Amino acid sequence: VQLQASGGGLVQAGGSLRLSCAASGRSFRNHYVAWFRQAPGKEREFVTAIRWNGGFTYYADSVKGRFTTSRDNAKSTVYLQMDSLKPEDTAVYYCAADSNVILSAMRMVDSYDYWGQGTLVTVSS
């Protein structure tokens, strides 16, 4: 599956952005689709994931209550709605997908074989 991430940009603290991750080549059926982010000088970290079958969602504590992930079956697209953005949310955001993710390893970078190209989110204070 090929992933195309989009929607990043510059926003002031407290603002909102919506990221999109569109699949091509095959559907997201039976996949976990996750968002990770990587700030300058830091390791890539888990943000959120959605299990395509059933729509179960999971969030990092740092974004819980502010970020929402959802899916559009017809468009094979996953969205990341980011509200109440903080300067510490500044990072390149990557979407990732895999059909062989073990729930206990869902937050690990190595669990995903397919990655989008990343989209930059900058939150100014």
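Reading the values: the criteria
Residues numbered from 1 in each chain as written. Predicted model: local features only at pLDDT ≥ 70, side-chain atom pairs only at ≥ 80, totals over all residues. Heavy atoms only, no water. Phe/Tyr/Trp six-rings, centres within 6.5 Å; stacked < 30°, edge-to-face > 60°. Helix = DSSP H or I, 4+ residues; strand = E, 2+ residues; numbered from the N terminus. Buried < 20%, exposed > 50% of the residue type's maximum accessible area, 1.4 Å probe, protein only. Contact = heavy atoms within 4.5 Å. Disulfide = S-S within 2.5 Å.

### With respect to the packing of aromatic side chains
Here is step 1 of the chain: Under the criterion given, the structure shown has seven aromatic pairs.
Here is step 2 of the chain: For the pair Phe 36 and Tyr 112, a centre-to-centre distance of 5.5 Å together with 75° between the ring planes defines the contact as edge-to-face. Taken together, the residues Phe 36 in strand S4 (residues 32-38) and Tyr 112 in the loop between strand S9 (91-98) and strand S10 (114-115) connect sequence positions 76 residues apart. Each member of the pair, Phe 36 as well as Tyr 112, carries the same accessibility label: buried.
Here is step 3 of the chain: With a centroid separation of 6.4 Å and 75° between ring planes, the pair formed by Tyr 94 and Trp 115 is classed as edge-to-face. Of this pair, Tyr 94 sits in strand S9 while Trp 115 sits in strand S10, and the two are 21 residues apart along the sequence.

### Points about the environment of Val 101
Here is step 1 of the chain: Tracing the backbone through its elements, the reader meets Val 101 in the loop between S9 and S10.
Here is step 2 of the chain: Given the relative accessible area of 12%, Val 101 is considered buried.
Here is step 3 of the chain: For Val 101 and Asn 30, which are 71 residues apart along the polypeptide, the C-alpha to C-alpha distance reads 9.7 Å.
Here is step 4 of the chain: The residues touching Val 101, leaving out its near neighbours within four places in the chain, are Tyr 32, Met 106, Ser 111 and Tyr 112.

### Considering the state of the cysteines
Here is step 1 of the chain: Under the counting rule described, the total for this entry stands at one disulfide.
Here is step 2 of the chain: Each sulfur in the disulfide pair Cys 21 and Cys 95 lies 2.2 Å from the other. Taking the sign of the S-S torsion, 75° for the link of Cys 21 and Cys 95, the bridge is right-handed. You can see Cys 21 sitting in strand S3 (residues 17-24) and its partner Cys 95 sitting in strand S9, a full 74 residues away along the chain. Cys 95 shares its class with Cys 21; the two are buried.

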